[in-house]
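Examining the three-dimensional arrangement
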Amino acid sequence: MPTPMQPRSSAEASSPPLNGTRIQARSVSQQVRGAGRVLDDVSLDLAPGRLTVIAGSSGAGKTVLLQTLAGLRAPTEGAVLHDGAQPGSPGPEFGFVPQEDIIHRELPLHRTLVYAAGLQMPAGTPAEAVTARVDRVLETLGLSARASTPVRALSGGERKRACIAAELLTRPRALFLDEPTSGLDPVTGAALLRTLSALAEEGTTVVLTTHTLADLLRGDQVVFLSPGGEVAYAGEPGALRGAFGVGTVEEVYGAVAGGARAERAVPAGVGKTAPPDAGRTGAPPSPVRPRRVGAVRQWSLLTRRGTALLLHNRLSAAVLAGSPVMIVAMFAVLFRAGAFDPAAPDPGSTAMIMFWIAFGAFFFGLTYGLLQICAELPVLRREWLAGLRIGPYLASKLTTMLPVLALADALLLVVLRALDRLPATGWTTYGSLFVSSVLASAAALALGLLASAAVTEPAQATLMLPLLCFPQVLFSGAFVPVPRMTGAGEAISWAMTNRWAFEALGSGVGLESLWRAGASPLGRPLLESYGDSFGHPAARGWLVLAGFAVLFLVVTWAVLVRKCREGVVRSRAGR
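Residues numbered from 1 in each chain as written. Predicted model: local features only at pLDDT ≥ 70, side-chain atom pairs only at ≥ 80, totals over all residues. Heavy atoms only, no water.

When we look at burial in helix α8 (residues 249–257), the residues that qualify are V249, V252, Y253, A255 and V256. Looking down the long axis of α8, one finds its buried residues gathered within 165° of arc, a one-sided arrangement. Residues of α8 that are buried make contact with β3 (51–56), β8 (221–225), β9 (231–235) and α7 (240–244). Residue G259 follows α8 closely and has a positive phi angle near 100°. (Buried < 20%, exposed > 50% of the residue type's maximum accessible area, 1.4 Å probe, protein only. Helix = DSSP H or I, 4+ residues; strand = E, 2+ residues; numbered from the N terminus. Arc of directions from axis to C-beta. Contact = heavy atoms within 4.5 Å.)

Below you can see the structure in the form of C-alpha cells.
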C-alpha cells in the first residue's frame, strides 16, 4: 500500500514550489483516422500543482485528449500551450504512463529502475546519485519493501506504481496517466490516487483519465467529456453532481449521454489554494535541459540490461538451450557417420548436412530475434520519448545475442565433428564453416528483429516462425538446386539468406572437389544438378549475408522509428 507524502503546513500550502507546467488547450479539435472527429472545441486551463481527472463514456476521446495535452498529438484545430508556448519535443521532464506496463517484468524492481534511471537521468550522474534517486522514488510510492521483488511478481496495483516510479526518476514537471486505476480494487485505486494527489501537492501537474467513478471526486479538477468529444463539465469535483442536477456520479454519465451540459463549470483550482502566479499566461524562461545520455552510454546500459533480461527470462533461456540440442539430435538421427570420407563419400548426405547446418544457424538467429522487440515495444516507445536512440537499441540487441549465437554455432560444429558428421580437415576449413554459420545467424537474427518490430504482440511473432522458415527451406537450393528451378523460383532464391549460407558452407568444405574426386556414382550427377553453386569462393556468400543483415537492420530501424512516432507529432514547424 503506498504511503502518501505528508501534507504540508498551511504556510507551505500557500506557496507550493512551481516546478509544474501550466497546460492550456485553446479551442482544440482532433481528427483521428478511422474514427473521425474525436475532440470538438475543447478549451481547458490546467494549473501547476493540480490533479486533473478526465472522465467520460467509452469513445468520448479521453485518451486522445490526454495525448493532445501531453504534446504527443498535434491538434487538428486550435492549440495546446505548455507555460504559454507550444510543446517542444518529448523529454524526461514530461512523464506519460499508458495503460500497458512500461517496464520489463523479469528483473527485480530496484534493478529495473536503476537501468531506467541510467537512460533518463542527465549524462554523468554518479551511480550513487542514481541509486539514491531510485530509493527515494520507491519510498515515495510505498514500494521500498518490494525493491528486490521481480516486477512480474508484483500485484497489479504495485506494477502500476512501479510504472509511475519509472516516470518520477527525472522529477517530471507534468505527469500524464491513462487509466492508472483500471483493474485495481477500490482500496488500491484510492491509495494510488492519494499518492498522485500528494505528487500534485509538491507542484507537479498531474493529469489522468479514468473509468472509475470514485476517482472523479478525488482530484482537484474534473474534465467530463460528452460522447461527441466536447467538454460537458470542467471544474471542481464537489460541484459535478449539482451542475447536472443529479444525486450520484453514475447519474452524471446518464445525463451527459442524454445531451446535458453543465450551465456553468466551476473555475479550475476551486477548493484548493492557488499557487502564486497561478493565473500567469505568459511563457516563463524555458528551463535548461540537462545533457542527454550519449549513444555509446545508451548502448552500454542497454547491453547490460539485455543480458540480464536474457538470463532471467525463462522462455529465452529455454530457446537458447533447446534450439542447439534439437538441431544436434536431428543430425545424430538423420545422418550416418563418415559421409565425408574421401575414399567413399556420400554426396547426397554431404549436401544435406551442409544445408541443415545452414538452416540450424538460420533457425538459431531467427528464434532468438523474434521475441526481442515485440514483447517490449511499450517500454521502447516510452524510453524513446525520454531520449533513447533506436540505433544504440538495435546495436545492443546484436551485442547481446551475437556472442550467444556464435557459441551455439561453434558448439554445433564441434559436436558434428566429434560425431564424424563433418570431415577431418584443418582449421582453415572449420574457420570458413564457422564464419559462414555466424553470418547466417546474424542475417537471421536481423530478420527476426525486423519481424519482431513489425508485429504488435508475441503471439503474432510466433506465427511468423513457420512463415519465414518454409521459404528458406524450399528456395535454398538444397532440395531443388537453383539451376533446376523455374525463373520465378530462382528469383525468389536470391532473397533467401539460407541459399547463400548453404552455398558458402558447401564451398568452404569443398563439396565440388569432393564429389568430383569421389568414387560415388552420385557425384557427377549432383555436380551437374547444382551447377556452379559451390564453385564460388565462400567469401561471396559472406558478403551477401552481411549485406542482408545490414539491410534488415536498416529496415528494422525505420519500422521502429515509425512506430515510436505514431501519435507523436511535434508541434513546432519544421520539427
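There is more to say, and it comes next.
Here we come to the sheet that holds β3. If you walk across this open sheet you meet the six strands as β5-β6-β7-β3-β8-β9, and the pairing is mixed. Both outer strands of the open sheet, β5 (94–97) and β9, are each paired with one neighbouring strand and no more. On average, adjacent strands in this sheet sit at an angle of 10° to one another, irrespective of strand direction. Here helix α5 (residues 156–168) sits on the sheet and contacts β5 and β6 (174–178); the angle it forms with β5, its principal contact strand, is near 160°. Sitting on the sheet, α8 touches β3, β8 and β9, and the angle it makes with β8 is about 40°. (Pairing = 2+ DSSP bridges. Axes fitted to C-alpha atoms, helices over the stretch in contact; angles between N-to-C directions.)

Next up on the list: the packing of helix α3 (residues 109–120) against helix α4 (residues 127–140). Here α3 crosses α4 at 125°, and the two axes come no closer than 9 Å. The angle between α3 and α4 places the two elements in the oblique class. Viewed along their axes, α3 and α4 form a crossing whose handedness is right-handed. Each of L109, H110, L113, V114 and A117 in α3 lies in contact with α4, whose residues at this interface are V130, T131, V134, D135 and L138. Class assignment of the residues belonging to the contact of α3 with α4 gives a composition of seven nonpolar, two polar and one charged. (Parallel < 35°, antiparallel > 145°, perpendicular 65-115°, else oblique. Left-handed = near helix turned anticlockwise from the far one by under 90°. Nonpolar A, V, L, I, M, F, W, Y, C, P; charged D, E, K, R; others polar.)

This part takes up the nonpolar core. Grouped burial of nonpolar side chains is what soluble globular proteins tend to show. Counting residues in hydrophobic clusters, the biggest one holds 105 residues, and the most contacted among them are L69, F176 and M354. Considering every element that reaches this core, the biggest residue donor is helix α11 (residues 347–370), with 16 residues. Aside from chain neighbours lying at most four places away, what touches L69 is I23, A25, L44, L46, I54, V80, H82, F176 and V207. In this structure, A147, L154, I164 and L184 belong to the second largest nonpolar core, which totals 36 residues. (Core = buried A, V, L, I, M, F, W, Y, C linked by side-chain atoms within 4.5 Å.)

Tallying each qualifying case throughout the model produces 14 aromatic pairs. Through a chain of ring-to-ring contacts, the aromatic side chains of F355, W356, F359, F362, F363, F479, F502, Y530 and F534 assemble into a single cluster. It is R499 that lies over the ring of W494; its NZ or CZ is 5.0 Å from the centre. Lying across the ring of W500, R499 places its NZ or CZ 4.3 Å from the centre. (Phe/Tyr/Trp six-rings, centres within 6.5 Å; stacked < 30°, edge-to-face > 60°. Lys NZ or Arg CZ within 6 Å of the ring centre and 35° of its normal.)

Moving on, we get to the sheet that holds strand β1 (residues 23–32). Here we have three strands laid out as an open sheet, ordered β2-β1-β4, and antiparallel in their pairing. Taken across any chain shown, the strands that pair with only one partner, and hence form the sheet edges, are β2 (36–46) and β4 (77–82). Each adjacent strand pair in this sheet contributes to an overall mean axis angle of 25°, direction not counted. Sheet topology places β1 next to β4; five bridges connect them, and they run antiparallel. Bridge pairing links A25 to V80 in β4. Its contacts with the sheet place helix α2 (residues 62–70) against β1, β2 and β4, and it is angled at close to 55° to β2.

The next thing to look at is the side chain of R499. For R499, the position within the fold is in helix α17 (residues 497–509). Residue class for R499 comes out buried when judged on its relative accessible area of 6%. Setting aside residues up to four positions removed in sequence, R499 forms contacts with F475, S476, V482, E490, S493 and W494.

Inspection of the entire model under this criterion finds twelve salt bridges. Residue D45 pairs with R22 through a salt bridge whose shortest N-O separation is 2.8 Å. Of the two residues, D45 is situated in strand β2 and R22 in the loop between α1 (10–14) and β1; the sequence distance between them amounts to 23 residues. Judged by relative accessible area, which is 8%, R22 ranks as buried. For E503, the salt bridge goes to R540, with nearest N and O atoms at 3.1 Å. With E503 in helix α17 and R540 in helix α20 (residues 538–565), the pair connects residues that are 37 residues apart, well separated along the chain. A relative accessible area of 5% means that E503 is categorised as buried. By relative accessible area, which is 31% here, R540 ends up partly exposed. If you follow the salt bridges from partner to partner, you end up with D101, R105 and R159 in one network. (Salt bridge = Lys/Arg side-chain N within 4 Å of Asp/Glu carboxyl O.)

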